[in-house]
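Residue strings, one per chain:
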Amino acid sequence: DSLVDKTDTLPPNMYGLEKLNDQEMLGGLLSSGFSRFNVNTKQFKIGAGALQYSDSIRYNSVYDILKDSRGRIWMASYYFRLAEYIPEKDTIISFQSDPYNPYGFEGNDALCIYEDRQHNIWIGTATKGVYRFNPDDNAVKLHEAIDRGSVFSLNNWDDKTLFVGTEAGPAFYNLQTGKSNIFKGISTMGINAPLEYVRAGIPDRNGKYFWMGTV
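Each value, and the rule that gives it
- Residues numbered from 1 in each chain as written.
- Predicted model: local features only at pLDDT ≥ 70, side-chain atom pairs only at ≥ 80, totals over all residues.
- Heavy atoms only, no water.
- Helix = DSSP H or I, 4+ residues; strand = E, 2+ residues; numbered from the N terminus.
- Buried < 20%, exposed > 50% of the residue type's maximum accessible area, 1.4 Å probe, protein only.
- Contact = heavy atoms within 4.5 Å.
- Areas by Shrake-Rupley, 256 points an atom, 1.4 Å probe, with all protein chains shown as cover.
- Pairing = 2+ DSSP bridges.
- Salt bridge = Lys/Arg side-chain N within 4 Å of Asp/Glu carboxyl O.
- Axes fitted to C-alpha atoms, helices over the stretch in contact; angles between N-to-C directions.

Glancing now at the overall build of the protein. In terms of helices and strands, the protein carries zero helices and 18 strands. Classification of the 215 residues of the protein by burial places 41% in the buried group. At a minimum sequence separation of 6, the contacts of the protein that also span at least 24 residues come to 38%. For the protein, the accessible area works out to roughly 12,200 Å², and carbon and sulfur atoms hold 49% of it.

Written out as structure tokens, the structure is:
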């Protein structure tokens, strides 16, 4: 019922807020991993394991958090790639690259996570494009057609189209053909510049228009 300001004890930037349970929220932090926030006691607890606060890790930032349809919790970590959080054990599992597994996860510096309607998990990265995997399988697929540098946001427009917000503008990826329609729109707010750094995107209720938030 009231706004709680905890900027005196936490970094000024928080990303990827996600509900953990009826009493707790999870929040990604800039350079400090993530925290658990108790909505009843109004107390923060810095996350454990590899993503806990450490002065020795300059870029230990968590930019996105997703609780999927199965209840598993995924975190997009700049320094520790894709990570899974096990709240019951307060443990982090970081997915590492495996040179002997051609279908493994190779993406460093993860920036965003999205679950589609088929329960696939999509990960946007800062340098490796977009990866997709299903937690029930062991294979991971790299979608090179939508590799446009840093990927900040992912969402579905419809069952056939994935929205990809990148540093170079928006792209719409056809899931059936594996090809992208890449746009280079111009701002109408008095700034004659491309619509770059697309941080968020969502379709309207009727699926006719797609709204985007840019920097």
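That shown, we press on.
Taken together, the four bridges between strand S3 (residues 34-38) and strand S4 (residues 43-46) define a ladder with antiparallel strand orientation. If you follow Asn-38 over to S4, its bridge partner there is Gln-43. The antiparallel hairpin formed by S3 and S4 contains four residues in its connecting segment, where Lys-42 sits at a positive phi of about 60°.

Moving on to the pattern of salt bridges. Opposite charge on two side chains allows them to pair when their charged atoms are near. Within this structure, the stated rule accounts for five salt bridges. Measuring nitrogen to oxygen at the nearest pair gives 2.9 Å for the salt bridge that ties Glu-84 to Arg-72. Separated by twelve residues along the polypeptide, Glu-84 in strand S7 (residues 81-86) and Arg-72 in the loop between strand S5 (62-67) and strand S6 (73-77) bring together distant segments of the chain.

Here we come to the sheet that holds S3. Taken in spatial order, the four strands line up as S1-S2-S3-S4 in an open sheet, and their pairing is antiparallel. Pairing within the sheet leaves two strands with one partner each, and these edge strands are strand S1 (14-19) and S4. Neighbour-to-neighbour, the strand axes of the sheet open up by a mean angle of 25°, direction not taken into account. Inspection of the sheet shows S1 paired to strand S2 (residues 24-29) by four bridges, in the antiparallel sense. By the bridge assignment, Tyr-15 is partnered in S2 with Gly-28.

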